[in-house]
Amino acid sequence: MTITVTPETFHFVSFDAPHTARIAARVATMLGLDDIDIDIVVDETSPLARVFVDAAPDRIVVTAHSGALEDTKHPTNQSDRATTLALSRALLKARDRVRGGFADAPADSALELRQTAAWDVHIVARLSRLGMEINKQASLYNFRNRHGFADSVDGVFETIWSIEATTWSELDAFSARAATARA
Amino acid sequence: MASKGKPRAPFAPWDRRELPGSFSVEDTARRAGNYKWAEMKLFEALGGWIATVPELDVKMRLGTHCYKHAWHAELWHKRLPELREMNPDRLTMPANDALVRFFAAMTEPEAPETTLEKLTGVYRVLIPRFIAAYTFHLNNTSEITDAPTIRSLRFILQDEFDDWRDGEMIIQSLIETPDDARRVAEHQARLETLMTEAGGVAGHGSIGFHATAPEGAAAQ
Amino acid sequence: MKKFMPVEELARDERFHQVTQAERMRDGRSAFSANSEQSRRSSNRITPERPDASEAARGLMHGIFVGEIQALEGAGRTCWDFTTGEEAPFALKLDMARQAWDEARHVEISVKLGDWMGSEIGQFAENTVLFQAACSNDPVLRLAGVNRALEGLAIDVFTTMKEFGEVAGDPYLEFCEDWMLADEVTHVKMGSDWLRKVTENDPERRKKALEFQNIVDKMFSYGGTRSDSDESSIGLARRFRELAGFTDDEVEYVAEVSMQALNERKAMIAEKQAAARR
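Residues numbered from 1 in each chain as written. Chains lettered and ligands numbered in written order. Predicted model: local features only at pLDDT ≥ 70, side-chain atom pairs only at ≥ 80, totals over all residues.

Points about the overall build of chain B
Regarding its fold elements, chain B presents seven helices and zero strands. Considered along the principal axes of its C-alpha atoms, chain B spans approximately 75 × 40 × 30 Å. Relative to its 220 residues, chain B shows a buried fraction of 44%. (Helix = DSSP H or I, 4+ residues; strand = E, 2+ residues; numbered from the N terminus. Buried ≥ 20, exposed ≤ 12 C-beta atoms within 10 Å, placed from the backbone.)

Some remarks on the overall build of chain C
For chain C, the helix and strand inventory stands at nine helices and two strands. When the elements of chain C are put in sequence order from the N terminus, they spell out β-α-α-α-β-α-α-α-α-α-α. Against the compact-globule benchmark of 19 Å for 278 residues, chain C has a radius of gyration of 19 Å, which places it among compact chains. In terms of overall dimensions, chain C has a C-alpha envelope of 60 × 40 × 40 Å along the principal axes. Buried residues in chain C amount to 53% of all 278 residues. In chain C, the proportion of contacts linking residues at least 24 apart, taken out of those at least 6 apart, comes to 75%. (Rg over C-alpha atoms; globule rule 2.2 N^0.38 Å. Contact = placed C-beta atoms within 7 Å.)

Some words on the pairing of strand S4 (residues 59–65) of chain A
Residues and elements named next belong to chain A. One ladder, built from seven bridges, connects strand S2 (residues 37–43) with S4; its direction is parallel. Each bridged residue has a counterpart across the sheet, and for Ile40 the counterpart in S4 is Val62. Linking strand S3 (residues 51–56) to S4, which pair antiparallel, is a turn of two residues. (Pairing = 2+ DSSP bridges.)

What about the pairing of S2 of chain A?
Two strands pair when backbone bridges link them, and strand S1 (residues 3–6) of chain A and S2 of chain A are joined in this way by four bridges, in the parallel orientation. Its bridge partner being in S2 of chain A, Ile3 of chain A is matched across the sheet by Ile38 of chain A.

So, the environment of Phe212 of chain C
All names here are of chain C. Residue placement: Phe212 occurs in helix H7 (residues 203–219). Accessibility expressed as a C-beta count within 10 Å gives 21 for Phe212, which makes it buried. Along the sequence, Phe212 and Arg142 sit 70 residues apart, while their C-alpha atoms lie 9.0 Å from each other.

Structural notes on unusual backbone geometry
Omega for the peptide link from Thr6 of chain A to Pro7 of chain A comes to -5 degrees, which places this bond in the cis form. Relative to the helices and strands, Pro7 of chain A resides in the loop between S1 and helix H1 (17–30). With a phi angle near 70 degrees, Arg84 of chain B is a residue other than glycine that sits in the positive phi range. For Arg84 of chain B, the location among the structural elements is in the loop between helix H2 (56–82) and helix H3 (88–91).

Details of the confidence of the model for chain C
All names here are of chain C. Considering every residue of chain C, the mean pLDDT works out to 88; 96% of them sit at 70 or more. No element of chain C has a lower mean pLDDT than helix H1 (residues 21–26), at 82, and none a higher one than helix H3 (residues 90–117), at 97. Across residues 34–39, confidence stays below pLDDT 50; counting only partners more than four residues off in sequence or on other chains, it has 11 contacts. In the predicted complex, the global pTM is 0.93; the interface-specific ipTM is 0.92. (pLDDT = per-residue confidence, 0-100.)

Brief notes about the interface of chain A and chain C
If you look at the interface, chain A gives 24 residues, while chain C gives 30 residues. Considering each element in turn, the side of chain A that touches chain C owes the most residues, six residues, to helix H4 (residues 136–147) of chain A. Looking at the side of chain A that touches chain C residue by residue, the classes come out as 10 nonpolar, 12 polar and two charged. (Nonpolar A, V, L, I, M, F, W, Y, C, P; charged D, E, K, R; others polar.)

What to know about the arrangement of the chains
Across the two pairs of chains that are in contact, the largest number of contacts falls between chains B and C. Of all C-alpha pairs spanning chain A and chain B, none lies closer than 18 Å, and the two are not in contact.

Here we look at the interface of chain C and chain B
The interface of chain C with chain B comprises 26 residues on the first partner and 27 residues on the second. Every element with two or more residues in the side of chain C that touches chain B is listed here: helix H2 (53–81) and H3 of chain C. The leading source of residues in the side of chain C that touches chain B is H3 of chain C, at 10 residues.

Quick word on the environment of His74 of chain A
Along the polypeptide, His74 of chain A turns up in the loop between S4 and helix H2 (80–99). Ignoring any residue separated from it by four or fewer positions in sequence, one finds His74 of chain A in contact with His17 and Ala125 of chain C.

Brief notes about the packing of helix H5 (residues 115–140) of chain B against helix H7 (residues 178–198) of chain B
All names here are of chain B. Interhelical geometry of H5 versus H7 gives an angle of 45 degrees and a closest axis separation of 9 Å. As the angle between them shows, H5 and H7 are arranged oblique. When you trace H5 past H7, the crossing you get is right-handed. Contacts between H5 and H7 pair Leu116, Glu117, Thr120, Gly121, Arg124, Val125 and Arg129 from the former with Asp180, Arg183, Val184, His187, Gln188, Leu191, Glu192 and Met195 from the latter. Among the residues forming the contact of H5 with H7, the class breakdown is five nonpolar, four polar and six charged. (Axes fitted to C-alpha atoms, helices over the stretch in contact; angles between N-to-C directions. Parallel < 35°, antiparallel > 145°, perpendicular 65-115°, else oblique. Left-handed = near helix turned anticlockwise from the far one by under 90°.)

Details of the sheet that holds S1 of chain A
Whether parallel or antiparallel, the strands of a sheet pair through hydrogen bonds between backbone atoms. Residue and element names in this part refer to chain A. Strand order in the open sheet formed by four strands is S1-S2-S4-S3, and the pairing between neighbours is mixed. Only two strands of the sheet have a single neighbouring strand rather than two, namely S1 and S3. In this sheet, adjacent strand axes meet at a mean angle of 10 degrees when their direction is disregarded. Sitting on the sheet, H1 is in contact with S1 and S2, with an inclination near 140 degrees to S1. Running at roughly 35 degrees to S3, H2 makes contact with S3 and S4 of the sheet.

So, the nonpolar core
Counting 164 residues, the largest nonpolar core has Cys66 of chain B together with Ala97 and Ala100 of chain C as the members making the most contacts within it. When residues in this core are grouped by element, the largest group, 15 residues, is from helix H5 (residues 139–168) of chain C. In this structure, this core is formed jointly by two domains, domain 1 (3–99) and domain 2 (108–182) of chain A, each of which donates at least three residues. Apart from the residues lying within four places of it in its own chain, the contact partners of Cys66 of chain B are Phe43, Leu46 and Gly47 of chain B together with Gly76, Cys79, Ala97, Ala100 and Trp101 of chain C. (Core = buried A, V, L, I, M, F, W, Y, C linked by C-beta atoms within 7 Å. Domains from an automatic or database assignment.)

Okay, structure coming up:
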């Protein structure tokens, strides 16, 4: 496994590329991805918290806007917690695509907002069960924003949260059901 | 309507209000002016302290209580002209110099680690004195001639009891060690001494006793 | 307790981390698309359509939360800093005490909304610029800075959040923002009335206060975070500003300085990013 972080030195933020690579290696090992090359590209000119992942069987490319790895309490400084969480989400999503039942999922850029939200619930719930500190309410809020503010929507959220393994088509069906139930 | 030939009594059998009261118009105006001054000093202090306390719940409580005491000051301000005091500022004054010293001492704590001292001064010394003076006034003024003051006193007392309970519970929650308890007791004792000199928010006679300054206390 | 508290002394518990406006402006990153090499997004307005809407709403909500704390502190300090009668009328101070209560409720509401949205107290840095505007030694300047510029900004922010709640179908957010918006309109009116009353016979002082308000309005545009442009995350709430008593000219002025601030910020970002590439 090789891990690269670009850029090697940062001008707009106080981030550390080797440190980021070490966090990525730890996360990859935790997720059983230590046999795959990983490239992490940080857009340090953007304060947004967006992360895109491009997964192929032999290489995962994670593109992160700097806000995703940032300590929001100390702007422009890197946060170990945020970096770990952002990379864990991205790499678990990549694992779903290359080794889980998500090969037929549309590319990130083609996903509807509700689909992205539902997949993210499935991701962070599993990270939570792996012992990571996850704010479940934040995840619920995002799910509600994308599916509606209704008890039935919360019920679907809980179902997705508790599932350990699923497929893209099953997850998408859950999301569609929640969106319909709200209507 | 009452039956013909049997006019109703002006006071119903259950209405036991009495005419006499302990306070003249002038006494009442003087007390109202003292109350207004003390309530003003209190709301100003609470407002100033908001930015100095790090505890978020205390910050919010002080903001809420600040307004209540400002409203009390406003009620007394509005009552003064009704008591023949057409220039309310003239009677807006401390009951005596000792009370000025009390407020100076009460508002001394400023540092963020002195929340306990700030709250002790307000909720363990000053507000109990307000409750006492207002209760004495309520129970001794004419129930008929001074009904407007009674109405204000009842509203204000409700606030004072609520705020006292809020403040006391916050103090109890902040006292975590014997040292905290000692700090509170010492600060309370220091302020009580000054308040004893003052005799209460309306001076000596605030609650009927000690209508004149006891020996050794500052003259009114 | 002394009069006139410097912003550095605002008391906070260990969850909070404060930064100044100057520190925030030194950050050379930008969400603006115009000057970046890759497209960020077509609009920066905080709406549910944004892919990062929940995160952005949480960030703005936290900004509201700390802003309300500072507004509470500012109103409270006005009760303390000025002598009644000589420096500030009794009735003005009563209004400030009332505002302190309102702001205390807004802090309570913001904490509850933060819980609802899944953010944590102190999760984001606290910009202390709002209290800075509340530090003037002249009560009239303070009213201009706090009640007209700061509360005017609050009207813009609450309107943005209320609309966010409406579009997302979040009844809780919409309900709360609407109530807070009602209070802010009252506070702006309060400021406008007092400014007029206190400076009735002192045109020079009124001019100074309005100039100060203009400076604060520009400062509160946060380098274009608030403006009519879609590149700004917060829009200008023209209708509610009108309700609060701002004249058309005043609203136009705020629109103009906000755009100026946006353009200046974009130029600065472009310069910083070009320098980094060299």
